[in-house]
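The residues making up each chain are set out below.
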Amino acid sequence: MRKSFPVEDLARDERFVRVPIMDRINDPRTARQEQAGTKGKRGPGRLTPDRPDAPDAARALMHGIFTGEIQALEGAGRTCWDFEVGSGNGEGIPEVPFELKLDMARQCWDEARHCEISIKLSDHMGTEIGEFSENTFLYEAACNPDPVLRLTGVNRALEGLAIDVFNTMREFGDVAGDAVLEFCEDWMLADEVTHVKMGSDWLRRLTADDKERQQRALEFQRVVDKLFSLGGFRGDEEDSPVRLARRFRELAGFKDDEMDTLAEVAREARQEMDARIEANRAAVAQ
Amino acid sequence: MPVHVQPEEFSMVFFDAHEIRALTEELAQEIGLPAELSITVDVDETTPLGRSVVQSVDPVVIHLESGALEDAKRPRQLDPVGAADVLGRLLLAVRDRLDPAFGDAPPDDDLPLPHSVAWQVYSVGRLSRLGHRTNRQRRLYQFRNRHGFTDTADAAFDRLWAAEGLTWAELVQISDEARSALPA
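Note that the structure is predicted; figures quoted are calculated from it, not measured.

Draft legend 1. The arrangement of the overall build of chain A in detail. The number of helices and strands found in chain A is 9 helices and 6 strands. Here the C-alpha radius of gyration of chain A, 19 Å, is about what a compact globule of 286 residues would show, namely 19 Å. Expressed as lengths along the three principal axes of its C-alpha atoms, the size of chain A is roughly 60 × 40 × 40 Å. For chain A, buried positions account for 44% of its 286 residues. Of the contacts formed within chain A by residues at least 6 apart in sequence, a portion of 74% connects residues at least 24 apart.

Right under this line is the structure:
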């Protein structure tokens, strides 16, 4: 069986359609509108039930969670297979301790269950499998050849985003009175906290004597975090559709300064997206 | 049936105004709107959001953000099936508003969300009986979000989905009764 499976070869049936992230980035339209009387911009707003489009926005987000769960399963599965068992401390990369593989196997179990839950939730919300397009950049983060960077990118950045998203959806279900949604998201959120904690623990253990590797891993996380902020879709602003779930991130091993840095990264992503949209619009106008 | 689509040429999305016009004409005919009725479909292509409203009935102006007509699998491309769902629903609301027996409903912008969603259910139910592909479970989920996840709300949804010839007052009554079962 091949090591380091390429994203292009992931198995999907005809219901799934992949859209390259550049197609989104090159979209000249913007969901942010000029705020009356100011130069500021407002987005579609935080995902709460009082938004008129809330049910459909929640459906789209739930489908994004579903495809993310598939890719998280694929990524954790690959990490079980792609590396040999060894000390994992940097000598003889790409070796990893057996216990790390065991954690990844447990994560596969969780992600498979999350896929099943997501399908049932999609049925509940009136969403068909493949109704929305799929981005594969989640799996792409799981293709890093260094297991430490891979775990940092996936378990701390991607699963960290999952904490923020699940917390948003859990609150959405609570306020909307949707006990099914609230209950499912709460249980999945608990798993995500565990996954992020795994990433934090392995990062510290495997790089305890290699600060340079630790820095490279954290830099990789920063890059992935910026990408996963989706132009400000996830952030710490009042109008961010998905907000940082600081309390749950703390439980998962994030320190305050790390969360402040993440909030700053999300702000940068939002500003860059605004600038990009302006440039796209100027290009369309010419 | 004169249908005008604004803009006539799109620059930010890959929509074809002729396709939208043809779809609107076909739907208006199916729904039974007067042949001489002039309809303007005004698309705001600067936003990917999906708001859609009947802006006025005299003259008939339907206003949509481009996301309302967009294919969820192909960014910036028109989805004819989804567009028929949105345009059909709005044209049915136009027919209701033009019918004196229906009664006076507030303008779309002033509609309380539960009443607006109840009207959508009533319209999409009729659209599905005209043979168009609709998503009943999606509408049920929207309805539950505004009327509660209760058996009472589900029963109200069933009534609206199957209904023909409702008045505005009856529609509001069904919506309000469903909400009355919400826990205080």
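Draft legend 2. Summary view of the overall build of chain B. Along chain B, the regular secondary structure elements total 6 helices and 6 strands. Its helices and strands in sequence order give chain B the pattern β-α-β-β-β-β-β-α-α-α-α-α, from N to C terminus. Rg of the C-alpha trace for chain B: 16 Å, near the compact-globule value of 16 Å for 184 residues, within the 12% margin. Within chain B, buried positions represent 41% of all 184 residues.

Draft legend 3. A look at the interface of chain A and chain B. Listed per partner, the contact involves 27 residues of chain A and 23 residues of chain B. Of all the elements in the fold, those that place two or more residues in the side of chain A that touches chain B are α1 (21-25) and α2 (54-82) of chain A. Of the residues belonging to the side of chain A that touches chain B, the class tally is 14 nonpolar, 5 polar and 8 charged.

Draft legend 4. Spatial organisation of the packing of α2(A) against helix α3 (residues 98-125) of chain A. Residue and element names in this part refer to chain A. Running from amino to carboxyl end, α2 crosses α3 at an angle of 160°, the nearest separation of the two axes being 8 Å. Here α3 runs roughly antiparallel to α2, going by the angle between their axes. Where α2 crosses over α3, the handedness of that crossing is left-handed. The residue makeup of the contact of α2 with α3, split by class, is 17 nonpolar, 7 polar and 4 charged.

Draft legend 5. Quick look at the sheet that holds strand β2 (residues 39-44) of chain B. Residues and elements named next belong to chain B. Reading across from one edge, β1-β2-β4-β3 is the order of the 4 strands in this open sheet, with mixed pairing throughout. Each end of this open sheet is capped by a strand with a single partner; those strands are β1 (3-6) and β3 (52-57). Pairwise comparison of adjacent strand axes, ignoring direction, gives a mean angle of 15° for this sheet. Relative to β1, helix α1 (residues 17-31) is tilted by about 145°, and along the sheet it contacts β1 and β2. Sheet strands in contact with helix α2 (residues 80-98) are β3 and β4 (60-65), and its direction is about 30° off that of β3.

Draft legend 6. Quick peek at α2(A). Look at α2(A): 41 Å from first C-alpha to last across 29 residues, which is about the 42 Å you get at 1.5 Å a residue. Within α2(A), 23 of the 29 residues are buried, which leaves it mostly tucked inside the rest of the structure.

Draft legend 7. Structural detail: the nonpolar core. Ala58(A), Leu158(A), Ile163(A) and Val165(A) are the most contacted members of the largest nonpolar core, which totals 65 residues. Those elements that place two or more of their residues in this core are α2, α3, α4 (137-141), α5 (147-176), α6 (179-206), α7 (211-228) and α9 (256-285) of chain A. Sorting elements by how many residues they give to this core places α5(A) first, with 14 residues. With near-sequence residues (within four places) excluded, Ala58(A) lies in contact with Leu47(A), Met125(A), Met169(A) and Phe172(A). Ala84(B), Ala93(B), Val117(B) and Phe157(B) belong to the second largest nonpolar core, which has 43 residues in total.

Draft legend 8. Focus on unusual backbone geometry. The amide bond that connects Gln6(B) to the next residue, Pro7(B), takes the cis arrangement and shows omega of -5°. Tracing the backbone through its elements, the reader meets Pro7(B) in the loop between β1 and α1. Asp58(B) connects to Pro59(B) through a cis peptide bond whose omega is 5°. Along the polypeptide, Pro59(B) turns up in the loop between β3 and β4. Although it is not a glycine, Ser4(A) adopts a positive phi angle of roughly 50°. Structurally, Ser4(A) can be placed in the segment before α1. Even without glycine at this site, Arg76(B) takes up a positive phi of about 75°. Positionally, Arg76(B) belongs in strand β6 (residues 74-78).

Draft legend 9. Region of interest: helix α6 (residues 168-180) of chain B. All names here are of chain B. Between its first and last C-alpha, α6 extends 18 Å over 13 residues, near the 18 Å set by a 1.5 Å rise per residue. Of all the residues in α6, the buried ones are Leu171, Ile174, Ser175 and Ala178. All buried residues of α6 project into a common sector of 95° when viewed along the axis, lining one side. Exposed residues lying more than 90 degrees from the buried face of α6 are Ala169 and Ser180. Packing partners of the buried residues in α6 comprise α3 (113-129), α4 (136-147) and α5 (151-162).

Draft legend 10. Region of the structure containing the pairing of β2(B). All names here are of chain B. The two faces of β2 differ: Ile39, Val41 and Val43 on one face are buried, but Thr40, Asp42 and Asp44 on the other face are not. As judged from the 4 bridges shared by β1 and β2, these two strands associate in the parallel manner. Considered in β2, the bridge of Val3 is made with Ile39. In this fold, β1 hands off to α1, which returns the chain to β2; that crossover is left-handed. In the sheet, β2 pairs with β4 via 6 bridges, with the strands oriented parallel. Among the inter-strand pairings, Thr40 is bridged to a residue of β4, identified as Val61.

The rules behind the values
- Residues numbered from 1 in each chain as written.
- Chains lettered and ligands numbered in written order.
- Predicted model: local features only at pLDDT ≥ 70, side-chain atom pairs only at ≥ 80, totals over all residues.
- Helix = DSSP H or I, 4+ residues; strand = E, 2+ residues; numbered from the N terminus.
- Rg over C-alpha atoms; globule rule 2.2 N^0.38 Å.
- Buried ≥ 20, exposed ≤ 12 C-beta atoms within 10 Å, placed from the backbone.
- Contact = placed C-beta atoms within 7 Å.
- Nonpolar A, V, L, I, M, F, W, Y, C, P; charged D, E, K, R; others polar.
- Axes fitted to C-alpha atoms, helices over the stretch in contact; angles between N-to-C directions.
- Parallel < 35°, antiparallel > 145°, perpendicular 65-115°, else oblique.
- Left-handed = near helix turned anticlockwise from the far one by under 90°.
- Pairing = 2+ DSSP bridges.
- Expected span 1.5 Å × (residues − 1).
- Core = buried A, V, L, I, M, F, W, Y, C linked by C-beta atoms within 7 Å.
- Arc of directions from axis to C-beta.
- Right-handed = clockwise from strand over helix to strand, strands pointing away.

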